[in-house]
Amino acid sequence: MPLAARISTAVAGVLVSAGLFSMPAASGSGPDQIKPATGPGAVPTKGPCRTYDTSVTAVTTGGGMTVTLESSGVFDPWSLRMVQNVRYSSTGGGRFQYVQTSTWDSAEDFIAEVIRLKPPAPLPSTPGASAVNDIIPPLTRSRGTVATGQIGLVTRNSFGADNKWSGFDTRASGALMSMRYTAWDSTGRPTAGSMKGPQGTSTVTITYDDNALSKTETMTTAGITSVMTTTYDRSGNPRTMHSTVTGGASSTTVWTPHSQATLCLLDLRAAPAPPTTPFGPNPSGTFTASIGGQSFTASMGLKAESTPPIVSAGAGDGRYLVSIAASAKPGPGTYTAGPPPDTTDWVRMTEQQFRDLMDHNTVVATVWDTQTKRGWQAAPTIGTGTVNLTSISGAMVGTFDLTLEPIPGTGASGSLKFNGSFNVKY
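Residues numbered from 1 in each chain as written. Predicted model: local features only at pLDDT ≥ 70, side-chain atom pairs only at ≥ 80, totals over all residues. Heavy atoms only, no water.

Notes on the overall build of the chain
Formally: The helix and strand labels rest on DSSP assignments: H or I over at least four residues marks a helix, E over at least two residues marks a strand, and numbering proceeds from the N terminus. Relative accessible area decides the class of each residue, using a 1.4 Å probe on protein chains only: under 20% of the type maximum gives buried, over 50% gives exposed, and in between gives partly exposed.
If you tally the helices and strands in the chain, you get three helices and 25 strands. For the chain, the proportion of its 426 residues judged to be buried stands at 51%.

Next comes the structure, spelled out in structure tokens:
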């Protein structure tokens, strides 16, 4: 499910709608569930089977921004887990990496997400090798997902006595989002429920089109409604998602697979060793701010980069993605956003004064609200304010006090105050 339920809706939207976070659907356990019974090596292959992506790129475009998620990982039928390396990047300057681990109670559960092997989906009348992947869009049967590295997130799924997915709890950045389903279709997929989170309570409805292999999720929070329609291939892997939001910009996500694997119920050879660490080092530091009066503390993707003369820092907190960059060729000092003051005396300005003005008017700052998909920005031609860089050696350190303007096409309106401090190692 995209973005561990859209990071249960936030980083996902980019992140999650955007999904931004991919979690192969998931479930409950029972005494009849099959555990691996053979050792590594050649064993007979016997259906039913599930084919899933082991390497895939998801690209989300919309609202003047492009977000790319690269994911690679494999399901191991011995440890009953799927470990994925995930790399996130955006044209807004955000970049981070993490390891995502999803777990199941059995290999049977992993396969039964797309094939009718057990309740709550009705069992096939002729089980065995003739079974086909026929629960598309798929069910959810995993026990949960944990993300570590440059983000920290935990999602736990819950199931009722009838083995139906009853909801999930997602905790990230100290915030908790709880989803509880209240209705299901004939195969056991949820069709209605409510989510409680830091922004209030949302109502959720979900419809499925088995002929079109699509799922449409509608979520309404405080008068804002988002609609996400996801289509799948015939193996239950997501391929496209179109998202709209009240008063905001629409977005489209396309999944492009690079490699796949097939797991059959009685073909339980050991999978390749899963990765256990993120792609790169986990940067350390802090990035705190006030965004339109709301507190922001970086908890996801905290990262700084130095590509002389450009220095930049970016991060997220589960709702907002932020970034600040400046061309800092002169070194530590004060840099500005927006056009020079109207009182600037261009006639009497010396060549050196002009050069100093241009060298210090280089700030580009962006705030992106992943919930509403609205964005604001300051640059050398828009917005106002300053960034005071106290150090750019080994880390980007400083404070900022900026006023950002709406990014056209995102539905944002009015200026946005953005101030705070950062100290992030490269």
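Examining the layout of surface pockets
Heads up, the condition is: Grid spacing is 1 Å over the protein atoms alone, the probe is 1.4 Å, and a cavity is where that probe fits but cannot get out, while a pocket is an open set with protein on both sides within 12 Å along at least five of seven lines and lining residues have an atom within 4 Å of a point. Grid points are joined across faces, edges and corners, and a volume is the space filled by probe spheres set on the points. Here the nonpolar group is Ala, Val, Leu, Ile, Met, Phe, Trp, Tyr, Cys and Pro; Asp, Glu, Lys and Arg are the charged ones; every other residue, Gly included, is treated as polar.
Roughly 290 Å³ of internal volume is contained in the second largest pocket. Residue lining of the second largest pocket: 23 residues in total, with Thr91, Gly92, Gly93, Ser323 and Thr366 positioned closest to the centre. Among the secondary structure elements, those contributing two or more residues to the lining of the second largest pocket are β17 (300–307), β18 (310–316), β19 (320–327) and β21 (364–369). Counting residues per element, the lining of the second largest pocket draws most heavily on β17, which supplies four residues. By residue class, the composition of the lining of the second largest pocket is eight nonpolar, 12 polar and three charged.

As for the pairing of β19
Rule in force here: Paired strands, in this sense, are two strands between which DSSP finds at least two bridges.
Judged by how many residues are buried, β19 sits mostly within the fold: seven of eight residues are covered. Where β18 and β19 come together, seven bridges link them in antiparallel fashion. Across the sheet, the residue bridging to alanine 315 is valine 322, located in β19. Hairpin connection between β18 and β19: a loop of three residues separates the two successive antiparallel strands, and glycine 318 in this loop has a positive phi of roughly 100 degrees. Summarising the sheet, β19 and β21 pair through six bridges and their orientation is antiparallel.

Quick look at the nonpolar core
Counted only if it meets this: As used in this record, nonpolar core signifies buried Ala, Val, Leu, Ile, Met, Phe, Trp, Tyr and Cys residues forming a set joined through side-chain atoms within 4.5 Å. Two residues form a contact once any of their heavy atoms are found within 4.5 Å.
Membership of the largest hydrophobic core comes to 33 residues, with the highest contact counts inside it found for Phe287, Phe296, Ile324, Phe400, Leu402, Phe418 and Phe422. Ignoring sequence-local partners within four residues, the contact set of phenylalanine 418 consists of Phe287, Ala289, Ser290, Ile291, Val322, Ile324, Val367, Phe400, Asp401, Leu402 and Leu404.

What about the side chain of glutamine 97?
Filter applied, for reference: Here a polar contact is recorded for every N or O atom pair within 3.5 Å, except that within protein the pair must consist of a potential hydrogen donor and a potential acceptor, and residues adjacent in sequence are included only if both atoms are side-chain atoms.
The topology assignment puts glutamine 97 in strand β4 (residues 95–103). Judged by its relative accessible area of 11%, glutamine 97 is buried. A polar contact of 3.1 Å, which involves the side chain of glutamine 97, links it to the side chain of arginine 87.

Points about the pattern of salt bridges
Short version of the rule: Throughout this description, the term salt bridge denotes a Lys or Arg side-chain nitrogen within 4 Å of a carboxyl oxygen of Asp or Glu.
Following the criterion strictly, the structure yields 14 salt bridges and no others. Note that arginine 87 is salt-bridged to glutamate 70, the shortest N-O span being 3.8 Å. Of this pair, arginine 87 sits in strand β3 (residues 81–90) while glutamate 70 sits in strand β2 (residues 65–76), and the two are 17 residues apart along the sequence. The exposure class of arginine 87 is partly exposed, given its relative accessible area of 33%. For aspartate 210, the salt bridge goes to arginine 189, with nearest N and O atoms at 3.0 Å. Here the residue aspartate 210 occupies a position in the loop between β10 (200–209) and β11 (214–221), and arginine 189 occupies one in the loop between β8 (175–184) and β9 (190–197), the gap between them amounting to 21 residues. Note on aspartate 210: relative accessible area 39%, which makes it partly exposed.

Details of the packing of aromatic side chains
This is how the line gets drawn: Only Phe, Tyr and Trp rings take part, Trp by its six-membered ring, and two of them pair if their centres are within 6.5 Å. Stacked means planes under 30 degrees apart, edge-to-face means over 60, and tilted covers everything else.
For the structure on display, the rule yields 11 aromatic pairs. Aromatic side chains phenylalanine 287 and phenylalanine 422 sit 5.8 Å apart centroid to centroid with 40 degrees between the ring planes, which places their arrangement in the tilted category. Residue phenylalanine 287 is located in strand β15 (residues 285–291), and its partner phenylalanine 422 is located in strand β25 (residues 416–425); the two are separated by 135 residues in the primary sequence. Side by side, phenylalanine 287 and phenylalanine 422 carry an identical accessibility label, which is buried. The interplanar angle of 50 degrees and the centroid separation of 4.7 Å between the aromatic rings of phenylalanine 400 and phenylalanine 418 together place this pair among those described as tilted. Here phenylalanine 400 is found in strand β24 (residues 395–406), whereas its partner phenylalanine 418 is found in strand β25, with 18 residues between them in sequence.

Brief notes about the confidence of the model for the chain
Just so we agree on the cut-off: Values of pLDDT, ranging from 0 to 100, describe the predictor's confidence in every residue of the model.
Counting all residues, the mean pLDDT for the chain is 81, and 80% of those residues have values of 70 or more. Per-residue pLDDT, averaged within each element of the chain, yields its smallest value for helix α1 (residues 3–7) (31) and its largest for β24 (96). Overall, residues 1–45 carries pLDDT values under 50, and its contacts beyond four positions in sequence, including any with other chains, amount to 196 contacts. Low pLDDT (under 50) marks residues 275–283, which in the prediction has 22 contacts with non-local residues, meaning those over four places away or in another chain.

Looking at the side chain of arginine 50
Relative to the helices and strands, arginine 50 is located in strand β1 (residues 49–62). Residue classification places arginine 50 among the buried residues on the basis of a relative accessible area of 3%. Looking at arginine 50, its side chain comes within polar contact range of the main-chain oxygen of phenylalanine 110, at 2.6 Å.

Quick look at unusual backbone geometry
Excluding glycine, a negative phi dihedral is what most residues carry, and trans is how most peptide bonds are arranged. Note that the residue after proline 119, namely proline 120, is joined by a cis bond; omega there is 10 degrees. On the secondary structure map, proline 120 appears in the loop between α2 (107–112) and β5 (144–149). For the bond running from isoleucine 136 to proline 137, omega is 0 degrees, close enough to zero to count as cis. Among the secondary structure elements, proline 137 is positioned in the loop between α2 and β5. Phi at asparagine 163 is positive, roughly 75 degrees, even though this residue is not glycine. Secondary-structure assignment places asparagine 163 in the loop between β6 (153–159) and β7 (165–172).

A few points about the environment of alanine 412
In this fold, alanine 412 is placed in the loop between β24 and β25. In the structure, alanine 412 is positioned 37 residues away from glycine 375 in sequence and 6.1 Å away in space, judged by C-alpha atoms. Residues within four places of alanine 412 in sequence aside, it is in contact with Arg374, Gly375, Trp376 and Pro406.

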